[in-house]
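# A structural walkthrough
The residues making up each chain are set out below.
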Amino acid sequence: MITKPEILSPAGDMECLESALLYGADAVYLAGDSFGMRTASKNFSLEELKVACELTHQKNKKLYLTVNTLPRNKDIPAMPDFLSYAEEVGVDAFIIADLGVFEMAKRYSPKVDRHISTQGGIVNFESARAWHQMGAKRVVLARELSLSEIAEIRAKIPEDLEIECFVHGAMCVSFSGRCLISSFLTGRDANRGDCAQPCRWKYYLYEENREGQFFPVEESEKGTYLYNSKDMCMIEHIPELLKAGISSFKIEGRAKSYYYTAVTTNAYRHALDEYMENRDDPDYTVSPWIREELEKISHRVYSTGFFFGTEPGQETENGGYIRRYNAVAVCVESSIDGVCAVTQRNKFLVGDTLDILPPSGISYNTVCQSLVTEEGETVDAAPHPLQKLYMMTDKPIKKGSVIRKKV
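The structure contained in this document is the topic of the report that follows. All values derive from a computational prediction rather than experimental measurement.

Here is what the cut-offs are and how they apply
Residues numbered from 1 in each chain as written. Predicted model: local features only at pLDDT ≥ 70, side-chain atom pairs only at ≥ 80, totals over all residues. Heavy atoms only, no water. 1 Å grid on protein atoms, 1.4 Å probe; cavity = no way out; pocket = protein on both sides within 12 Å on 5 of 7 lines; lining within 4 Å. Points joined across faces, edges and corners; volume = space filled by probe spheres on them. Nonpolar A, V, L, I, M, F, W, Y, C, P; charged D, E, K, R; others polar. Phe/Tyr/Trp six-rings, centres within 6.5 Å; stacked < 30°, edge-to-face > 60°. Lys NZ or Arg CZ within 6 Å of the ring centre and 35° of its normal. Helix = DSSP H or I, 4+ residues; strand = E, 2+ residues; numbered from the N terminus. Buried < 20%, exposed > 50% of the residue type's maximum accessible area, 1.4 Å probe, protein only. Pairing = 2+ DSSP bridges. Right-handed = clockwise from strand over helix to strand, strands pointing away. Core = buried A, V, L, I, M, F, W, Y, C linked by side-chain atoms within 4.5 Å. Contact = heavy atoms within 4.5 Å.

## Quick word on empty space enclosed by the protein
If a probe the size of a water molecule is rolled over the atoms, the empty space left behind becomes visible. Under the criterion given, the structure shown has 2 cavities of 30 Å³ or more. A volume near 40 Å³ is recorded for the second largest cavity. Taken together, Leu-141, Ala-142, Arg-143, Leu-145, Ile-150, Cys-165, Phe-166, Met-232 and Phe-307 make up the full set of residues lining the second largest cavity. Taken together, the residues of the lining of the second largest cavity break down into 8 nonpolar, no polar and 1 charged.

Pasting the structure below:
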């Protein structure tokens, strides 16, 4: 019998958290203001962490706190109070990479479940068993595993040990995120959450006797990207993921926007629900509109990572993102008589055709017919960030909807 997996979404700040919950996440993962692997995110203060737990539990969802850096000696004294506070405010699980932190969590937060981070580098069933014997409830497997390897691990570990795998988002050229390139080139330690992403940089050779002359290491006429990995996308392979025995589908992206969180969560929510309703159909394929949603966020070229073992994972043509849509507003008050209230995020104009992603998750187009400021002034454009405007459209828009425009 197949157990329906969890959709686990990233939350780099409170707005991302709210988006994840609104668009169908079963659980969210986030960091406090210490010990998380994404210092580029806003993350959550101690008070915000408490509010996040309350909001998540009100919706009967779970919250996992990343404590997944590799802390140095000087970091350890602050750990007990941090762990104890997390238990006090209701964190459901810690995501941990370091054995010492794992043992401290047992002592200072015994009621909180412990998950082993992908930084733990688990690639075999004996490692997973060992963590389970020490008290882990879940292992987040290394991203470098194939589906057949995951299935073998699932078959050879205790039934109550859960498996979590990344199914979407940025990939890292290093093994399970264990990278020293950033430390060597910039002094920023990727293993303590401060990666400068030098794997995305464009590289040239410089010949010491020819001052000022740079030589591209040609991969194409567009430049040289030696370490630039593609993004993962497994939206078309939900059946294979379930067959391998994965308990939690994890979406990467704690440093990304509320819009990314909303769209990816929504897509995987619908894809999983759709498959569970049609799992007896041997010819099932994901609906095209769900796949298309993932083309509406900024992303690198998609791949299936290591799940099928052989697909090339390096993107040599471009170090940046493919962007086909911009999020231009969020609806903050549902339409009444054709008029809704929005807050602006990117410029848009009266007359624009807008793509609406409502909380129900089924997108549709509408036309911006007019815009009025809070002061009652009619305007032709929405150029000011976070400005509140009243927008008339030919179709109603619900509160919480993301409003986007094709580039």
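## Examining the packing of aromatic side chains
Across all of its chains, the model carries 3 aromatic pairs by this definition. In this structure, Arg-143 packs its charged tip against the face of Phe-166, placed 3.9 Å from the ring centre. A cation over a ring is seen here: Arg-345 above Tyr-258, with NZ or CZ 4.8 Å from the ring centre.

## Notes on unusual backbone geometry
The bulk of non-glycine residues show a negative phi, and the bulk of peptide bonds are trans. A positive phi is found at Asn-60, a non-glycine position, where the angle reads about 60 degrees. In this structure, Asn-60 sits in the loop between helix H2 (46-58) and strand E3 (62-67). If you check the backbone angles, Leu-386 has positive phi at about 65 degrees while not being a glycine. Considering the arrangement of structural elements, one finds Leu-386 in the loop between strand E19 (381-382) and strand E20 (388-393).

## Quick notes on the pairing of E3
Of all 6 residues that make up E3, 5 are buried, and the element is covered over most of its length. As judged from the 5 bridges shared by strand E2 (residues 27-31) and E3, these two strands associate in the parallel manner. The partner of Tyr-29 across the bridge, within E3, is Tyr-64. In terms of strand pairing, E3 meets strand E4 (residues 93-96) through 4 bridges, oriented parallel. By the bridge assignment for E4, Thr-66 is matched with Ile-95. As for the winding sense of the linkage, the β-α-β connection from E3 through helix H3 (residues 79-89) to E4 is right-handed.

## Notes on the nonpolar core
Grouped together as the largest cluster of nonpolar side chains are 83 residues, with contacts concentrated most on Leu-30, Val-91, Phe-94 and Tyr-268. Ranked by the residues each element gives to this core, the list is headed by helix H9 (residues 258-277), at 11 residues. Ignoring sequence-local partners within four residues, the contact set of Phe-94 consists of Leu-65, Val-67, Leu-83, Ala-86, Ala-105, Ser-109, Val-112, Asp-113, Arg-114 and His-115. Of all hydrophobic cores here, the second largest spans 16 residues; its members include Cys-331, Leu-354, Ile-356 and Met-391.

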